[in-house]
Amino acid sequence: MHNLTIDGARLWDSLMETAKFGGTAKGGIKRLTLTDEDKAVRDWFRAACEAVGCTVTVDAVGNLFARRPGRNDALPPIAMGSHLDTQPTGGKFDGVLGVLAGLEVLRSLHDTGYETNAPVEVISWTNEEGSRFAPAMLASGVFAGVFPPEFAYTRTDRAGLSFGAELERIGYKGDEPAGGHKLGAFFELHIEQGPILEHEGKVIGVVTGVQGMRWYEVTVTGQDAHTGATPMYLRKNALLGTARAIDAVNAVALAHEPLAVGTVGLVEVKPNSRNVVPGEVFFTVDLRHPDDAVLDRMEAEFRAALPGIMEPLGLVFEEKRIWESPAVRFDPELIRCVRHGAEKAGYPMREIVSGAGHDAVYIARVAPTTMIFVPCAGGLSHNEAESITIEDCKAGAQVLLDAVIEYDRRFAA
């Protein structure tokens, strides 16, 4: 038996310190993948891990692995982690909590001299958000063999800068082959990013899986025209077609309530002038549901709606699915370990399916995987006002620590 305890104040201080890298005036973080701010937080994380005796390695797509040895270093490591990149108007806790809670676990083990049977690692995955380089979960996808490294290197941001060039620019293209780093298990602590735990008064979400997700890109082409001289009936207004398509996406999601969601979150209008009828619009679509069969129907309905919207307006369009992540069910034994950790600490809990995508989705393809959720205020995330309590931070990290120790018991001699 052990009595290892997380230092909640130290974890909170680390969260606040790293929030300075890309901190915004509204109290959030803008730390896009492979920017100077991303390099700064990577450097901080690396130094913090080395300070507690860990060996840090970097793979070919910039994933960082901080390893603390165990009694039997021949065993694959029990890993924890998440991501350090954020949305353009991100909060302090999305992803970052999972990485820094993993660091706090390492610090707690170091402080007490506790020796695990298997090595223990903390991982920071590159480009989870996908806000600068689409798709999301890019580097964990390469690690799991979903994408080849060259696919990642050739992704570009809206300014035309490539993932590969920016990775080299900040000095985080490592020598270790992506995917060559074997894992024995992976636990990811994360804020829920939704309102359920807070609403029900639960401290811990025992995550059993992640819903299916699909991303699409659509370009609508009409004709630029003078707003004063072009009558309404002769216009080819690409923005009007887009507006109706957005409403169609909303209708598709509503038709599959209560679990379906559909979102248009990015729209680029050209020429974007107040006295020019928009001649071209680029927009994105995000469809999600826990059942892949329902997601198939949602996709078919969305695609069927587009010709009927665009053709009467004299518009043409191109649509393609750029990313798909099927629904995932997590490992039952790791789920048991999380439940054990919550019970041991006496935290109220419930089982939950994640509505958001996470690196754990891809890692589940190559190693036993699960997640732990803690509540966030109002369910708000991807927002500078994202907020959690120090008590919930500590609770999540304590359950993470106890779950790792529980799983490690299987390797006792």
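Our structure's up above, just so we're on the same page.
The following paragraphs examine the structure supplied in this document.

Basis of the calculations
- Residues numbered from 1 in each chain as written.
- Predicted model: local features only at pLDDT ≥ 70, side-chain atom pairs only at ≥ 80, totals over all residues.
- Heavy atoms only, no water.
- Axes fitted to C-alpha atoms, helices over the stretch in contact; angles between N-to-C directions.
- Helix = DSSP H or I, 4+ residues; strand = E, 2+ residues; numbered from the N terminus.
- Parallel < 35°, antiparallel > 145°, perpendicular 65-115°, else oblique.
- Left-handed = near helix turned anticlockwise from the far one by under 90°.
- Contact = heavy atoms within 4.5 Å.
- Nonpolar A, V, L, I, M, F, W, Y, C, P; charged D, E, K, R; others polar.
- Expected span 1.5 Å × (residues − 1).
- Buried < 20%, exposed > 50% of the residue type's maximum accessible area, 1.4 Å probe, protein only.
- Arc of directions from axis to C-beta.
- Polar contact = N/O pair within 3.5 Å; in protein donor to acceptor, adjacent residues only side chain to side chain.
- Pairing = 2+ DSSP bridges.
- Core = buried A, V, L, I, M, F, W, Y, C linked by side-chain atoms within 4.5 Å.
- Patch = residues over 30% accessible without salt bridge, like charges linked within 9 Å, V, L, I, M, F, W, Y side chains within 5 Å.
- Areas by Shrake-Rupley, 256 points an atom, 1.4 Å probe, with all protein chains shown as cover.
- Salt bridge = Lys/Arg side-chain N within 4 Å of Asp/Glu carboxyl O.

### A look at the packing of helix H3 (residues 96-112) against helix H12 (residues 390-408)
Two measures define how a pair of helices packs: the angle their axes make with one another and the distance between the axes.
1) Next: It is at 9 Å that the axes of H3 and H12 come closest, and there the two elements cross at 60°. Classed by the angle they form, the pair H3 and H12 counts as oblique. Crossing hand, H3 versus H12: right-handed. Counting all contacts with H3, which are made through Leu97, Ala101, Gly102, Val105 and Leu109, the residues of H12 involved are Cys393, Ala397, Leu400, Leu401 and Ile405.
2) Next: Looking at the contact of H3 with H12 residue by residue, the class counts come to nine nonpolar, one polar and no charged.

### Digging into helix H10 (residues 332-345)
1) Next: Counted at 1.5 Å a residue, the expected span for H10 with its 14 residues is 20 Å, and the 20 Å between its end C-alpha atoms agrees.
2) Next: Where H10 is concerned, the buried positions are Leu334, Ile335, Cys337, Val338, Gly341 and Ala342. Down the axis of H10, the smallest arc covering the buried residues is 160°, so these residues share one side. For H10, exposure combined with an orientation more than 90 degrees from the buried face picks out Pro332 and Glu343.
3) Next: Next to the buried residues of H10 lie strand E5 (185-191), strand E6 (204-210), strand E15 (349-354), strand E16 (369-374) and H12.
4) Next: The N-capping residue of H10, defined by a side-chain oxygen 3.1 Å from the backbone nitrogen of Glu333, is Asp331.
5) Next: Gly346 lies just past H10 and shows a positive phi near 80°.

### Considerations on the pairing of strand E12 (residues 280-289)
1) Next: E12 sits mainly inside the fold: nine of its ten residues count as buried.
2) Next: Of the pairings in the sheet, the one linking strand E7 (residues 212-221) to E12 comprises ten bridges and is antiparallel in character. Paired with Tyr216 across the bridge in E12 is Val285.
3) Next: Pairing analysis gives four bridges linking strand E10 (residues 267-270) to E12, with the strands arranged antiparallel. Paired with Val267 across the strands is Phe283, a residue of E12.

### Quick word on helix H9 (residues 292-310)
The α-helix advances 3.6 residues per turn, and as a result positions three or four apart in sequence lie on the same side.
1) Next: The terminal C-alpha atoms of H9, which comprises 19 residues, lie 28 Å apart, in line with the 27 Å expected from a rise of 1.5 Å per residue.
2) Next: If you check the start of H9, you find a side-chain oxygen 2.8 Å away from the backbone N of Ala293, and it comes from Asp291.

### With respect to the side chain of Glu104
1) Next: The residue Glu104 is located in helix H3 in this model.
2) Next: Under the relative-accessibility criterion, Glu104 is labelled buried at 1%.

### Some remarks on the nonpolar core
In a soluble, globular protein the nonpolar side chains are often hidden away together inside.
1) Next: Membership of the largest hydrophobic core comes to 98 residues, with the highest contact counts inside it found for Phe45, Leu97, Phe163, Phe187 and Leu400.
2) Next: With ten residues, H12 is the largest single contributor of residues to this core.
3) Next: Formed by 22 residues, the second largest nonpolar core is a distinct cluster that contains Tyr216, Val218, Val220 and Phe302.

### Some details on a nonpolar patch on the surface
1) Next: Together, Leu239, Ile246 and Val267 make up an exposed nonpolar region whose accessible area comes to about 200 Å².
2) Next: Within the secondary structure, Ile246 sits in helix H8 (residues 238-254).
3) Next: On the basis of relative accessibility, which here comes to 33%, the residue Ile246 falls in the partly exposed class.

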